[in-house]
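Observations on the model geometry
The lines below spell out each chain.
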Amino acid sequence: MPFVNIKITKEHKPATPEQKQQLIEGATKLLQDVLGKNPQTTIVVIDEVETDNWGIGAKSVSEIRKKDTL
């Protein structure tokens, strides 16, 4: 039983339910096509993480984005 955890940053303009459905379908199909996994037993979880809680290069994404808008 495959388990896929997709983590994305929670944005001011969040991912829509339709976009999330596309991610779920796409990840499920990829596992089916590449590894022959049963889509009925494939679990996909999407976690939206606040940008303050996501760091890259010792800085939070919030800080990185503040600098990008200056």
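These numbers were taken from a predicted model, which means no experiment stands behind them.

1. Quick notes on the pairing of strand E1 (residues 3-10)
The sheet contact formed by E1 and strand E2 (residues 43-50) spans 8 bridges and is parallel. Of the residues in E2, the one forming a bridge with Val4 is Val44. The β-α-β motif built from E1, the intervening helix H1 (residues 17-35) and the parallel element E2 has right-handed crossover chirality.

2. Section: the side chain of Thr42
Tracing the sequence through the fold places Thr42 in the loop between H1 and E2. Judged by its relative accessible area of 12%, Thr42 falls in the buried class. Within the structure, the side chain of Thr42 is placed 3.0 Å from the backbone oxygen of Asn38, a separation counted as a polar contact. Among residues more than four places away in sequence, those in contact with Thr42 are Pro2, Thr28, Leu31 and Lys37.

3. Side note on the environment of Glu11
Its location among the elements puts Glu11 in the loop between E1 and H1. On the basis of relative accessibility, which here comes to 30%, the residue Glu11 falls in the partly exposed class. In this structure, the C-alpha to C-alpha distance between Glu11 and Val45, residues 34 residues apart in sequence, is 18 Å.

4. Here we look at the pattern of salt bridges
Summed over all chains, the structure comprises 6 salt bridges. Across the pair Glu48 and Lys20 runs a salt bridge whose closest N-O atoms are separated by 2.9 Å. One end of the pair, Glu48, is in strand E2; the other, Lys20, is in helix H1, and 28 residues separate them in sequence. For Glu48, a relative accessible area of 28% corresponds to the partly exposed category. With relative accessibility at 24%, the residue Lys20 sits in the partly exposed group. The salt bridge involving Lys29 is made with Asp33; its shortest N-O contact spans 2.8 Å. Note that Lys29 and Asp33 are positioned in helix H1 at a spacing of 4 residues, about one turn of the helix. Of the residues examined, Lys29 reaches a relative accessible area of 46% and is grouped as partly exposed.

Quick notes on the rules
- Once a new chain begins, its residue numbering starts again from 1 and follows that chain's sequence as written.
- In keeping with the model being predicted, local features are shown solely for residues with a pLDDT of at least 70 and side-chain atom pairs are shown and tallied solely at 80 or more, while totals for entire chains, interfaces and linings include all residues.
- To obtain the side-chain values, all non-hydrogen atoms of the structure were used and water was disregarded.
- Only when DSSP finds a minimum of two bridges between them are two strands counted as paired.
- Under the scheme used here, helices are H or I runs from DSSP no shorter than 4 residues and strands are E runs no shorter than 2 residues, and both carry numbers assigned from the N terminus.
- For crossovers, right-handed means that the path from the first strand over the helix to the second runs clockwise, given strands pointing away from the viewer.
- Each residue gets one of three labels from its accessible area relative to the maximum for its type: buried under 20%, exposed over 50%, partly exposed in between, using a 1.4 Å probe on protein chains only.
- Pairing of N or O atoms within 3.5 Å defines a polar contact, subject to two protein rules: one partner must be a possible hydrogen donor and the other a possible acceptor, and residues neighboring in sequence count only if both atoms are side-chain atoms.
- Should any heavy atoms of two residues lie within 4.5 Å, those residues are considered in contact.
- The salt bridge criterion pairs a side-chain nitrogen of Lys or Arg with a carboxyl oxygen of Asp or Glu, the two atoms within 4 Å.

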